[in-house]
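One letter stands for each residue in the lines below.
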Amino acid sequence: MEFFGHVIDGKEVPSIDGKTMHDVDPYTREPWAAVALGSKSDADRAVASARTAFHEGPWPRMGYEKRQQILHRLADLMEANADELAMADTRDMGKPITQAHHDVARSTWNVRFFADHARFSSAEALPMDSGHHAYTSYGPAGVAVAISPWNFPLMLGTWKVAPALAWGNTVVLKPAEDTPVSATVWARLAIEAGMPPGVLNVVHGFGPDSVGSALTENPDVDRITFTGESTTGKIISAAASKHLIPVSLELGGKGANLVFDDADLDNAVHWAVQAIFRNAGQVCLAGSRLFVQRGVYDAFMERYVAAAQALRMGDPKEPATEFGPLASLKHFTKVSGYFDTLGADGGRLLTGGVGDGWFVAPSIIVDAPTDARVCREEIFGPVVVVQPFDTEDEVVHAANDTRYGLNAMVFTENLSRAHRVADKLKAGTVWVNCFFIRDLRAPFGGVGESGVGREGGTFSREFFTEPKAVVMQIDR
Ligand code: NAD
């Protein structure tokens, strides 16, 4: 079994105490790699390395253009090593390989986009009346800790780390314990691309009472960017507040998908399938609550059920596979548990259910009362709850009746309604007649328990820099 270490101070290293963990492939349910299992000492060592690199190394001082060149070299290497990166995520979490390749392309774009964005951003010049002139400068914040989840291992790691690096920070990345490999492969490529030692550190291990908590409790950290569960976000926010460390939290979701009578049904069915069954529904942005207007309900459901049943389940390493197992035994157990309580809660399974191994088939639930667990909790699996509706007001109210607010989708050919409903939905992102399309300049984040803060474009700049006002006297 290949060994994947931490990457600290420009070198791949084992844990200080020599401990390792088995990395399990959820399709074979067998270990496929050995990974360094870090502890607080390894986390502290990674932060110290990032701190030294920030104070003494060239990265924060080399300027935007040189950083841009190194980041583009890294992106070139990611493209050249796309097969290895994609297979790492597929073996770590059972993501179908074609989707993993899509993630690698998006990860590469994360690196290129933020490298260019930092280089070409303009800053405010504020001419004043009083014979003074003010402007804003954006210096790096310092040491940024990035803690990422297991559902898009490489993509979310790069989404958090690339802007931090582009703006001149040094970074410690802690990937999820279930999906560590692509982060080590990526950090190896960063060394090959010429990134100076200590600029991108990767440390592996668990969250609570381990590497994760050590990173969030370390006073020598300047920023924490976290993606994961809302409950973990609250713990991290509390830990960071002890040292007043700014946090950006991208958390859970229970996305509403609204299909109106006047929608293009083929398009709505296509995206409604993608929205909950892509990546086996292990997507924060999943459209897990589907509302269909009464006039098209029967026609929509006939096509939707058929499309869900037609998804090709199987070995995620096979290019033809569209639907893989859940990412771990722990997660499979959690998602399966929702089927046990479904009857008592009043819901009815139209298709799907628990399959072999760690598979849960594409599952569609109807007739669930709005207070049922499946309607309120983030299942984070291929399980959608469908409810018919009559009026626009009624569906907007139902869509907003959640403690989450990450995203929503609206399918309608009525332009006025599209804008009106998008305006009323409580969500960080609203997609109209599409899903999952992103412009990296746009704000990304959530409302309520879906998060605090926004990242993307200038929003990432605000978070990863210390904006400074400089006021100069011009006339004496
Ligand atoms: P999780 O919160 O269990 O773990 C996420 C990361 O936090 C892991 O690296 C974990 O080791 C670490 N961690 C756990 N406890 C910690 C602690 N006490 N201190 C420090 N670190 C700790 O989440 P998960 O199960 O890996 O991911 C699934 C969740 O992530 C879902 O809720 C999903 O909606 C959310 N998510 C959100 C977004 C978004 O952009 N809003 C994107 C993807 C996933």
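Residues numbered from 1 in each chain as written. Predicted model: local features only at pLDDT ≥ 70, side-chain atom pairs only at ≥ 80, totals over all residues. Heavy atoms only, no water.

Undergrad: What should I look at first to understand the confidence of the model for the protein chain in this one?
TA: The predicted coordinates ought not to be read in detail in places where the model reports low pLDDT. When the pLDDT values of the protein chain are averaged, the result is 97; 100% of them are 70 or greater. Within the protein chain, strand β9 (residues 170–174) carries the highest mean pLDDT (99), whereas helix α12 (residues 342–345) carries the lowest (88). (pLDDT = per-residue confidence, 0-100. Helix = DSSP H or I, 4+ residues; strand = E, 2+ residues; numbered from the N terminus.)

Undergrad: What should I look at first to understand the side chain of Ser 328 in this one?
TA: Mapped onto the fold, Ser 328 is located in the loop between α10 (297–309) and α11 (329–340). The contacts of Ser 328, once residues within four sequence positions are left out, are Pro 26, Asp 178 and Trp 358. (Contact = heavy atoms within 4.5 Å.)

Undergrad: Help me understand unusual backbone geometry in this model?
TA: One can expect most non-glycine residues to show negative phi and most peptide bonds to be in trans. Backbone geometry places Leu 244, a non-glycine residue, at a positive phi of 50°. Turning to its location among the elements, Leu 244 is positioned in the loop between α8 (230–241) and β12 (247–250). We classify Leu 244 as exposed; its relative accessible area is 73%. The residue Asn 433 is not glycine, and still its phi comes out positive at about 60°. Within the element layout of this structure, Asn 433 appears in the loop between β19 (429–432) and β20 (451–452). You can call Asn 433 partly exposed: its relative accessible area is 25%. (Buried < 20%, exposed > 50% of the residue type's maximum accessible area, 1.4 Å probe, protein only.)

Undergrad: Help me understand the domain arrangement of the protein chain, please; the structure alone is not making it clear to me.
TA: A common way to state how big an interface is: give the accessible area lost once the parts meet. Taken domain by domain, the protein chain holds domain 1 (2–251 + 446–472) and domain 2 (256–432). Each of domain 1 and domain 2 has a C-alpha centre, and the two are 31 Å apart. At the junction of the two partners, domain 1 supplies 29 residues and domain 2 supplies 31 residues. Together, the buried faces of domain 1 and domain 2 total about 2,400 Å²; carbon and sulfur atoms form 61% of this surface. Together, Tyr 27, Gln 99 and Trp 150 form the three largest contributors to the area buried by domain 1 at its contact with domain 2, with a combined 22%. The interface formed by domain 1 and domain 2 holds one salt bridge in total. Among the salt bridges present, the one from Arg 403 reaches Glu 449, with a minimum N-O distance of 3.4 Å. Our count for the domain 1 to domain 2 interface comes out at 11 residue pairs in polar contact (both at pLDDT 80 or more). Of all the secondary-structure elements, those providing two or more residues to the side of domain 1 that touches domain 2 are β4 (20–25), α3 (82–93) and α4 (97–120). In terms of residue count, α3 provides more of the side of domain 1 that touches domain 2 than any other element does, five residues in total. In terms of residue class, the side of domain 1 that touches domain 2 is made up of 11 nonpolar, 10 polar and eight charged. (Domains from an automatic or database assignment. Buried area = accessible area lost by both parts, 1.4 Å probe. Salt bridge = Lys/Arg side-chain N within 4 Å of Asp/Glu carboxyl O. Polar contact = N/O pair within 3.5 Å; in protein donor to acceptor, adjacent residues only side chain to side chain. Nonpolar A, V, L, I, M, F, W, Y, C, P; charged D, E, K, R; others polar.)

Undergrad: Help me out: how do you make sense of the site of the ligand in this one?
TA: Lining the immediate environment of the ligand, one finds 30 residues, of which Ser 148, Glu 177, Thr 232, Leu 251 and Glu 378 sit closest. In the model, an oxygen atom of the ligand is placed 2.6 Å from a nitrogen or oxygen of the Glu 177 side chain. Measuring from an oxygen atom of the ligand, one finds a backbone N or O atom of Glu 229 at 2.9 Å. Against a free-state accessible area of 840 Å², the protein chains account for coverage of 93% of the ligand. Among the elements that make up the shell around the ligand, the one with the highest residue count is α8 (three residues). When its residues are assigned to classes, the shell around the ligand shows 15 nonpolar, 10 polar and five charged. No fewer than three residues from each of domain 1 (2–251 + 446–472) and domain 2 (256–432) sit in the shell around the ligand. (Near = heavy atom within 4 Å. Areas by Shrake-Rupley, 256 points an atom, 1.4 Å probe, with all protein chains shown as cover.)

Undergrad: What am I meant to see in the sheet that holds strand β13 (residues 256–259) here?
TA: The strands that make up a sheet are held in pairs by hydrogen bonds between backbone atoms, and each pair lies either parallel or antiparallel. The mixed open sheet is built from seven strands, whose spatial order is β15-β16-β17-β14-β13-β18-β19. Only two strands of the sheet have a single partner each, and these edge strands are β15 (348–354) and β19. This sheet shows a mean twist of 20° between the axes of neighbouring strands, independent of strand direction. Sheet topology note: the strand β14 (residues 289–293)/strand β17 (residues 383–389) ladder contains five bridges and is parallel. Residue pairing for β17: Val 292 is matched across the bridge by Pro 388. Strands in contact with α10 are β13, β14, β15, β16 (360–366) and β17; relative to β16, the strand with the most contacts, it is inclined by about 165°. (Pairing = 2+ DSSP bridges. Axes fitted to C-alpha atoms, helices over the stretch in contact; angles between N-to-C directions.)

Undergrad: I keep staring at the packing of aromatic side chains and nothing clicks. Help me out?
TA: Overall, the coordinates contain 16 aromatic pairs when judged by the stated rule. With a centroid separation of 5.0 Å and an interplanar angle of 75°, the aromatic rings of Phe 463 and Phe 464 are classed as edge-to-face. The same class applies to Phe 463 and to Phe 464, which are both buried. Through a chain of ring-to-ring contacts, three or more aromatic side chains come together here, namely Trp 109, Phe 113, Phe 114, Trp 159 and Phe 444. (Phe/Tyr/Trp six-rings, centres within 6.5 Å; stacked < 30°, edge-to-face > 60°.)

Undergrad: Can you walk me through the nonpolar core in this structure?
TA: As a rule of thumb, soluble globular proteins bury nonpolar side chains together. By size, the foremost hydrophobic cluster in this structure holds 111 residues, and its most contacted members are Leu 74, Met 195, Phe 277, Phe 300, Tyr 304, Val 374 and Val 386. When residues of this core are assigned to domains, at least three map to each of domain 1 (2–251 + 446–472) and domain 2 (256–432). Each residue touching Phe 300, except ones within four places of it in the same chain, is listed here: Val 259, Leu 265, Ala 268, Val 269, Ala 272, Leu 290 and Val 292. In this structure, Val 145, Ile 147, Ala 214 and Val 221 belong to the second largest nonpolar core, which totals 23 residues. (Core = buried A, V, L, I, M, F, W, Y, C linked by side-chain atoms within 4.5 Å.)

Undergrad: Looking at this model, I keep getting lost on the environment of Gly 295. Mind explaining?
TA: The residue Gly 295 is located in the loop between β14 and α10 in this model. For the pair Gly 295 and Phe 389, spaced 94 residues apart in sequence, the C-alpha separation works out to 9.1 Å.

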